[in-house]
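Here is how the chains run, residue by residue.
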Amino acid sequence: MIAKKNFKLRDRVVIRRVGGDPLEGALGTIQGTSVVDVTDFYIVLLDEPTATHLAICMTESCLDLVDE
């Protein structure tokens, strides 16, 4: 069983495990949460926005804390 991560507001995170997506390895800051059904999503303000997004919603399974 995978442990729940419970990120906090303003935690620094890196996006992982998104396959060939260009966001793989992108850094950002947690800005809030959203819940759909029973799945927690985190709103991540990207350090380097894409052409179409300043922020993105990601499940916690695709996020890791940044080691600072």
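Before going into details, it helps to say that this report is about the structure given with it. (Residues numbered from 1 in each chain as written. Predicted model: local features only at pLDDT ≥ 70, side-chain atom pairs only at ≥ 80, totals over all residues. Heavy atoms only, no water.)

### Notes on the pairing of strand β1 (residues 12-15)
For step 1, the next point in the chain: Across three bridges, the pairing between β1 and strand β2 (residues 27-36) is antiparallel. Its bridge partner lying in β2, Arg-12 is registered against Thr-29.
For step 2, the next point in the chain: Pairing analysis gives three bridges linking β1 to strand β5 (residues 63-65), with the strands arranged antiparallel. When the sheet's bridge partners are listed, Ile-15 is paired in β5 with Leu-63. (Pairing = 2+ DSSP bridges. Helix = DSSP H or I, 4+ residues; strand = E, 2+ residues; numbered from the N terminus.)

### Considering the sheet that holds β1
For step 1, the next point in the chain: Spatial strand order, β4-β3-β2-β1-β5: five strands in an open sheet with antiparallel pairing. The two strands at the open ends of the sheet, each matched to only one other strand, are β4 (55-59) and β5. Put simply, the sheet's adjacent strands are angled 45 degrees from each other on average, direction ignored.
For step 2, the next point in the chain: Inspection of the sheet shows strand β3 (residues 39-46) paired to β4 by five bridges, in the antiparallel sense. Within β4, the residue paired with Leu-45 across the bridge is Ala-55. (Axes fitted to C-alpha atoms, helices over the stretch in contact; angles between N-to-C directions.)

### Some points on the side chain of Thr-29
For step 1, the next point in the chain: Counting through the fold element by element, Thr-29 comes out in strand β2.
For step 2, the next point in the chain: With residues near it in sequence (within four places) discarded, Thr-29 still touches Arg-10, Asp-11, Arg-12, Ile-43, Val-44, Leu-45 and Asp-47. (Contact = heavy atoms within 4.5 Å.)

### As for unusual backbone geometry
For step 1, the next point in the chain: A positive phi angle, near 75 degrees, is found at Arg-10, a position not held by glycine.
For step 2, the next point in the chain: Mapped onto the elements, Arg-10 comes out in the segment before β1.
For step 3, the next point in the chain: With a relative accessible area of 66%, Arg-10 lands in the exposed category.
For step 4, the next point in the chain: With phi around 55 degrees, Arg-17 is a residue other than glycine that occupies positive phi space.
For step 5, the next point in the chain: Counting through the fold element by element, Arg-17 comes out in the loop between β1 and β2.
For step 6, the next point in the chain: On the accessibility criterion, Arg-17 (48% relative accessible area) is partly exposed. (Buried < 20%, exposed > 50% of the residue type's maximum accessible area, 1.4 Å probe, protein only.)

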